[in-house]
Amino acid sequence: MTMSRLPTTALSLKQFLQRQKVLGIYRNMLKTIRQVPDEADRKYLRDWARGEFKRNKNATEQDAIRMMITQANNHLEELQKSLALARS
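Residues numbered from 1 in each chain as written. Predicted model: local features only at pLDDT ≥ 70, side-chain atom pairs only at ≥ 80, totals over all residues. Heavy atoms only, no water.

Going by an unreviewed UniProt entry, the protein carries the name LYR motif-containing protein 2 and comes from Amphiprion percula. Reading the Subcellular location (unreviewed entry) entry of the UniProt record for the protein gives the comment "Mitochondrion". Entered under Sequence similarities (unreviewed entry) in the UniProt record, the comment concerning the protein runs "Belongs to the complex I LYR family." (UniProt positions renumbered as here; feature names shortened; annotations may be inferred.)

Listed in full, the seven residues of the largest apolar core are Met29, Ile33, Val36, Ala49, Leu76, Leu79 and Leu83. Mapped by element, the contributors of at least two residues to this core are α1 (13–33) and α3 (62–87). In terms of residues, this core owes the most to one element, α3, which gives three residues. Not counting residues up to four positions away in its chain, the partners in contact with Ile33 are Arg42, Leu45, Arg46, Ala49 and Leu79. (Core = buried A, V, L, I, M, F, W, Y, C linked by side-chain atoms within 4.5 Å. Buried < 20%, exposed > 50% of the residue type's maximum accessible area, 1.4 Å probe, protein only. Helix = DSSP H or I, 4+ residues; strand = E, 2+ residues; numbered from the N terminus. Contact = heavy atoms within 4.5 Å.)

With that settled, the discussion passes to the side chain of Gln18. For Gln18, the position within the fold is in helix α1. Taking the relative accessible area as the measure of exposure, Gln18 reaches 13% and is therefore buried. For Gln18, the contacting residues outside a window of four places in its chain are Gln62, Ile65, Arg66 and Ile69.

So, in C-alpha cells, the structure goes:
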C-alpha cells in the first residue's frame, strides 16, 4: 500500500502563495514598526499588528483573506508615509 508523503492538511499552491504574501506583509510591518522613534508607540503598533494577524490567522474564506491583505498593505503604506514625513 502506497502512502502519500503529503500531510493531510497540505496547502494548495494558491494557499501557499497567499500565505507567503501574508508572512511577507507581516515581516515588512514589523520591520517598519522598528523604525518608529518613540518606544511606547513602537510597542503599541507591534502589539496591534501581532494581535490583528493572530486574530485572523484561521481565516479560510478567500475573499475575506484578499480583503485583509489589501487592508494590511494599506496600513503598511500609511505607516511608511507617516515615518517618511516625520523624518523630513
